[in-house]
Structure formats: structure tokens, C-alpha cells
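Architecture and fold: a report
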Amino acid sequence: MASRKVVVVGAGIVGCALADELTLRGLTDVTVLEQGPLFATGGSSSHAPGLVFQTNPSRTMSRLAQYTVDKYVELGCFDQVGSLEVATTPERLAELHRRHGFATSWGIPARLLNASSSRRLYPLLGDSVLGGLHVPGDGLARAVPAGEAQALRAQARGAVFHPYSRVVSIAVEDGRVTGVQTPDAFFPADIVVSCAGFWGPSVGTLAQVQIPLLPMAHQYAHTSSVGTPPSVILRHQDQDLYFRAYDDGHLGVGSYLHEPMPIDVDAIEDSTLAFTPASFASSWDAARDLLPVLTGATVESGFNGVFSFTPDGFPLLGESPSVRGFWSAEAVWVTHSAGVGRAVAEWIVDGRPSLDLHECDLNRFHESQLSPAYVHERSVRGFVEVYDILHPLDPPSVRNVRTSAFHPRQVALGAVFGEGAGWERPLWYESNAASSPLCSAHQWSPPSDPSSTALTSSFTAGSAQDSTASAPSGQEAAGQGGGDCRCAEQRGRERDSWSGKHWSPIAATEARITREQVAVYDMTPLMRLEVVGPVSFLQGLTTNNVDKPVGTVVYTLLLDHAGGILSDITVARLGENRFQVGVNGMLDLHWLREHAPDGVAIRDITGGTCGLGVWGPLARELVAPLTDIDVSHQAFGYFKARQGHIGTVPVTMLRVSYVGELGWEIYASADQGLKLWDTLFEAGAGLGVIPAGRAAFNSLRLEKGYRLWGTDMTPEDDPYQSGLGFAVRLDSGDFVGRAALADRAEPERKLTCLVLEDEGCVPMGKEPVFVSGTAIGFVTSAAYGHTIGSPIAYAWLPTSAAAPGTSVQIGYFDRLLSATVAAEPLVDPRMERIRR
């Protein structure tokens, strides 16, 4: 371990943090190369105002920030002055309640303030403020001293820092880095980590590794003195502004309100560009509206500072699969710097980080999401939306990147699309409104313009109560899902306007018809791999016994060496040495390829194929007359696979179901997709077959207790905690992670099913869960259960609170929703429907 040579490119705050964390773990042969001076290098760390707000919708990002705060406090490089986020609109006030929920879920002390309490904390505020969110542990990181302090610790353990050492080339032999060249020297390396900030793409190019980020300029101004401003850091997200105080009485004002300013890094030498006053004019007006004291002040100086944005707003961490030994720790803000340093160091030294980093993994993007145009547009949109109120289901700005073979038919049927991993995915179909009695206002007709649509009803809330800083929620939050129209009762419960956004009561119809008749779901976006090679390869990587006869499907797990769940997958054995493997995304593909020995071939077949889930009590009646495969239960049992034809279309059929009903996943080549769709729907007209979308799908899968990797469980969770112990066969031979599971104690926490009593509000995930007023866990997934007639949530809870019948409460904006722990699954626990 200690013999490995590491070269870190960049001595900004991230590079220094990484060097410190690597040497702390015994990897002391570390060289840090910096193109500028130490430690005010000229990169983003040098000009960063240092404001640290720990609360984030992402649990991982919040915990990276929490570690950063703890470490910099210990180093004496953090001023824990607290933060205040203020609301000047009812919508933002409701959002602060939601953010308070995130803080509670992630263990960050925070409190909501009414308008008068907000002004007491920050007396410069004007009368426009309705309330605020105060986080006492937030504050100001002094980025350059923090970098230097960490560098000094690393140097004391053996690390060497070289200023004015620009990397001009990276040596790669046989797909692995071997060293780094500067104008003056060559540095041998087993591992090279790019911590170059917005210069990261240039460093990546030297190793022929794409670093998908966009450098953007962001305005920051220094005002004239305003006396003695409060030390607490302030954020005014309604106008894309933040503020900090300086000892001399000046205020720093940062703005995202101006137009996006993408930067060509080849044209600049430093991260601070000339200030553009004209671009700051609207920001200055908004700042003076919030803080009347600025009416008599002026902007004395400013700059446009360059930093990094990515297509999804997350950092780019991890090792390249194409050039082994080349690592990225890019697009990291000061807020998360020490946390990222620790996580990447753990990853390098121990083989896995202690935190779930799948959202941040460099390799999470499909190649279709890596084009310069895609990276530019999504990153620019990320800048525009950085302080916006974003719904979990809000679609991205770049659409139709990947569409299934069925897309023309879906558009013609009024599909409302969401997006996932670049795929257009129907949420529901407006054509199914006709399946319930509707008023004339809700009758559907085919669109004259066959383009995809999206539900865009806005979340609005009523007036705030200054005495309690309350935010309206539930049915009081202006606009119930169905408005005044009562026909919605025929299709599903009405919802509050937040959980009703990007949702339609049509989903209730689609769920009901799936349970009662038959529905067709587009499963194309489920990533499929063809694996050719001996079964021992998959047997050694998965928890279940996949060495079953040809024609068998097995649900199994990929684990890391510590027993954490990397993914849940299905393995269909189509031949003695040929398998179709359903995985969760690009990270699974890279994991399998990383571990594949000679003689094993792995190919992503998703883009060249398509798939439909045909599910419901009438699924067999629909499929049987169309196929040359015997689909009787005796001939084609549950978790079996067969190949044959549907009409004239060659297909692979898997007897599996993610909705808990009889049926099959049916896969064909993409060129046969429309024929497959048309064959099924023409034959199924008499059975009442309908297309159904993700909204119904999610409801049905939660009623059956089916997990969603990355949401319900991650590498931080083991199979027994996650309720997936049935997919582990310790007696099936050795596999990655087996040793860690063999001695695993009784879980102290469990993924737990909750049934809510309040039918008007449906959690969206990440809300805190309380017992007797104490926060004990958080929600992962939730949906309205149309079969059981109540909302369902899954949550991580202590085992002591996970017994069926336990009463809990879920924090939802400004209210608590009553719920009860329930035994799972909620529907068909004896699995009779799915095995008929």
C-alpha cells in the first residue's frame, strides 16, 4: 500500500484536503503539482467567499459538507457564524420548511424563524421578509488557510508540494497511468488524481479522459461600509443572492441572477475576471430591496469568479474505467472540499468510500450525456436553477436524448414524459382519462402537434403567518390536484399542490387496470447487458445462486467487499454461457467489466433493443394467442425465460414482474419495436389493454415492497438491513462481499414500510420520520397506494421502531403526517397473483 506513488494535480483546497487524507491513511508517497504559487494558487479556492451552507436535498452532499465544517473548525479555519436563508414569497417560505426537513433528516441542527425573529437575527433586513431558516453550524470557510493547514499536515507525513509545476502530459501504458510530465521533471505515478478545478477537463484530455464540466463566471461584489453588519451569512434565493460581512463593515454580495457566463479556460490565466457592472445592475437593485441599508451604499469593487458546473450539479469523483489509475476529484466547491478529500482517499486506500457516492461518480453518465452540447446546456441550466425551487420530478432542459422504439405511439396517446438517465419515460397517458367518467374539461383528444408534453402545474402556497412562520401545506396550499372538478374522485385521490405536481389522477386508473385487467409498460430504459462467458464469473460477483439451468431468471445483488449493495440485478440464463443481465446503470457495467477475466465479453445491448412489461390478470389471455411459446404456468413458471415470437417479432420473454401481477417482460430488437407494440395493442383491444406509465408503476411496486436501488438502498446498506436477505445464498460459494456478510450482526436499522393516514399529502422522499417528537429516520420512496387506498412510504428506521403497528410521524413542510409501520408486502403477501 505505502509503495504506491500518487500524484495530485492541483493544490487548491481539494488537492490539499486529498493529500492530507491520503497521508493520514498511510499512503505517504504523495506528490502535489500546482501550476501556480502555494497556496493562493489562482484557482477557484483563491477567490471563494467561503460561505458554507450544509443543508442539501442530497444526503451525501450534506454529509460531505458536515465533515468539511467539522474538520475546518478543528483546524481553526472556519468561522461558525451561522446562516440565515430568508423567504420573501409564500412559495419560498414553504421551500424553507422543506429544507428544514432535509436538515432534520440528515442530522443538521436548524430552526425555522418567523419574520420578526429573522430580523432580530439579521437586523439589516427590510419588511419584505416572511420568515427564515437558521442553521447555527454553518459559516465561513477560509479557503486558502484551510488548504495550507491541510497541506502542512500532509507534508509532515511525507507529501511533497511543487509550485509552478504545470502538467503538460500524462503517460499512459497499456491502459494505465505511469506518470506525469511537467516542463522540468517527470514524476512516476501509479495513481494520478485531477484536482484542477475548472482546468479539470484540460487535465483529463492529457489522459484521454473526459471530465464533463463547464467553467462558469459568477459575480461577486464588495460594498462600501454599512457600519457593523451581522456576522451571520445570508442567502436570498428568491433573487439568487447571498451575503457575507467583513470586519471592516463592508458586505460581500454574490449573485446568480445575471445571465450565464460560460468561460473558455484556454483564454484565461486566473479564476478572477474583470467585473461587469452592467450585468450586476439587477442584482444590486434586488440587494437594496432586501437590505435597505444598501440604498446609501455603493459597489466599491467586484470580480467575476470562475468555478465549475456539471450537467446534474454533482461533483465528478472516481477512477476512469478506460485509463486505470487516473482519478477525478473535480467540480467540488469549498463547501464539500474536506468531505470529498476524505471520501476519495478512502476509495483509493480502502477500495470503497464510507459514503454512498453514486450521485457523484465520474462514470455515472451514458455516452449520450457526454456530448459538449449536452454538457453545456445542462450545466448552464444548472447555473440558472442553482437557487430555484426544484421539484424532484422536474424534467431537465435537454430532452429527447434517448427515446424508445415506442415513442411515436406514446406521443400519439398523449404520454406525459419524465426523464431518467437521458431516457424519455412516460409518467402517464392522457388517453387513459377516457377509462373513467370525466367532465368535458378533462376529455382527451389526440394532440394535433405530436410532441411530448410535461405537467407543469406550479407549487403555490397561501399567505404566511408572521407569528409562526407557517407555510401552508396540504389542501390549503393553493390548488388541489384536481381543482374544483369532482371527476378526479373517479380516478384517484386529490393531492396537495406539491405532491400533485408532475402527477395526474390518471395514474390511479392505470394502476387499477393493471390490477384488474392488463397494462403495458415501457421497460426499454432498464439497462440490459449481454454477458458471454462461464457462469462462474457472475456466480463470483453476485449473492444468489445464478448457476441454474438455461431458461432461469435469478434476482441477485452486487456487493462491494464490505457487503454494501452496489446494485440489484436480474440474471437470465439464455444459453450455457450466454446471459441477459438487467442492471441499474453505467456503474454496474463498469463494475462488471472491471472484474471480468479474459474470456468474458460484456456488451450493453440497451440501445439496440426495446422492452415492454405486460402485466395484469389478463396478461396470459393477451399473450397466449400471439406467441409460439407455451405461456401456461406449468410450462413457463415464475422467474423463467424463453425465446420465441410474438406475432412475427422475435422476442425474449422473462416471467418477472415489478408491479406484482402476472406477466412478462418482453424484449425485442429496436427495429421490431413498433411491430411488437402494434401486435399487442391490436390483439388486446377486446381485453381493455392500456399503456401505463411510471406514476402507476411506482405505486404498484411500493405496494409489493419492491426496492429501488439508489433510492431505497445504496452501498451504505447491506442486504439484511434492506430486507433483501432472501437474495443472499451464503451456501452457493464465495462471492464478493460474502465474508463481510457472514459475521454480520442483527441490523440496528431497517428499511421499513409505512402506511399513512393522511390521504391528502404524499411524501416525495427524504422527509424526516419522528417518534414521540424525536427524529429517528428518513423517507426513501413514497407514493399513493391505489390498491390499498392510502399513501405508502418506505423509510430507514432504527430496528427498535420498525415493528409493525408502531406509530410514527412524517415531517411534510409545516405539518406532521401520521403513519403506522406495516408488515410487507401490502398487496398479495402470499404471491398468488404473480404466480397464477
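Refer to the structure printed above.
Residues numbered from 1 in each chain as written. Predicted model: local features only at pLDDT ≥ 70, side-chain atom pairs only at ≥ 80, totals over all residues. Heavy atoms only, no water.

Overview of the sheet that holds strand 35 (residues 749-756)
Within a beta sheet, neighbouring strands are joined by backbone hydrogen bonds and run either parallel or antiparallel to one another. Sheet architecture is closed into a barrel: 6 strands sit in the order 35-38-37-36-39-40, paired in antiparallel fashion. For this sheet, the mean inter-axis angle between neighbouring strands, taken without regard to orientation, is 45°. In this structure, strand 37 (residues 774-785) lies alongside strand 38 (residues 790-798), joined through 7 bridges in antiparallel fashion. Across the sheet, residue G785 finds its bridge partner in strand 38, namely S790. Along the sheet face, helix 17 (residues 694-703) touches strand 37 and strand 38 and points at about 120° away from the line of strand 37. (Pairing = 2+ DSSP bridges. Helix = DSSP H or I, 4+ residues; strand = E, 2+ residues; numbered from the N terminus. Axes fitted to C-alpha atoms, helices over the stretch in contact; angles between N-to-C directions. Contact = heavy atoms within 4.5 Å.)

Let's talk about the side chain of R701
As for its placement among the helices and strands, R701 is situated in helix 17. By relative accessible area, which is 2% here, R701 ends up buried. Among the polar contacts made by the side chain of R701, one reaches the side chain of D712 at a distance of 2.8 Å. Apart from residues no more than four positions distant in its own chain, R701 is found in contact with Y658, Y706, R707, L708, D712 and S781. (Buried < 20%, exposed > 50% of the residue type's maximum accessible area, 1.4 Å probe, protein only. Polar contact = N/O pair within 3.5 Å; in protein donor to acceptor, adjacent residues only side chain to side chain.)

Considerations on unusual backbone geometry
In this chain, L38 is followed by F39 through a cis amide linkage whose omega measures 5°. Note that F39 resides in the loop between strand 2 (30-33) and helix 2 (44-47). A cis amide bond links E824 to the next residue, P825, at an omega of 0°. By secondary structure assignment, the location of P825 is in the segment after strand 40 (815-821). Of note, the phi angle at D240 is positive, near 60°, even though the residue is not glycine. Mapped onto the elements of the fold, D240 is located in the loop between strand 15 (233-236) and strand 16 (241-245).

Topic: the packing of aromatic side chains
In this structure the tally under the stated criterion is 28 aromatic pairs. With centroids separated by 6.3 Å and ring planes inclined at 40°, the aromatic side chains of W615 and F697 adopt a geometry described as tilted. Linking W615 in strand 30 (residues 609-615) with F697 in helix 17, this pair joins segments that are 82 residues apart in sequence. Take W615: its relative accessible area is 0%, and that puts it in the buried class. Ring plane angle 15° and centroid distance 5.7 Å describe the contact between Y658 and Y706, whose orientation is recorded as stacked. Taken as a pair, Y658 in the loop between strand 32 (649-654) and strand 33 (663-669) and Y706 in the loop between helix 17 and helix 18 (738-742) lie far apart in primary sequence, 48 residues in all. What links up through ring pairs into an aromatic cluster is the set Y220, Y242, Y256, F303, F307, F309, W333, F383 and Y387. Residue placement shows R244 over the ring face of Y246; its charged tip is 4.1 Å from the ring centre. One residue, R495, lies across the ring of W503, its end atom 3.9 Å from the ring centre. (Phe/Tyr/Trp six-rings, centres within 6.5 Å; stacked < 30°, edge-to-face > 60°. Lys NZ or Arg CZ within 6 Å of the ring centre and 35° of its normal.)

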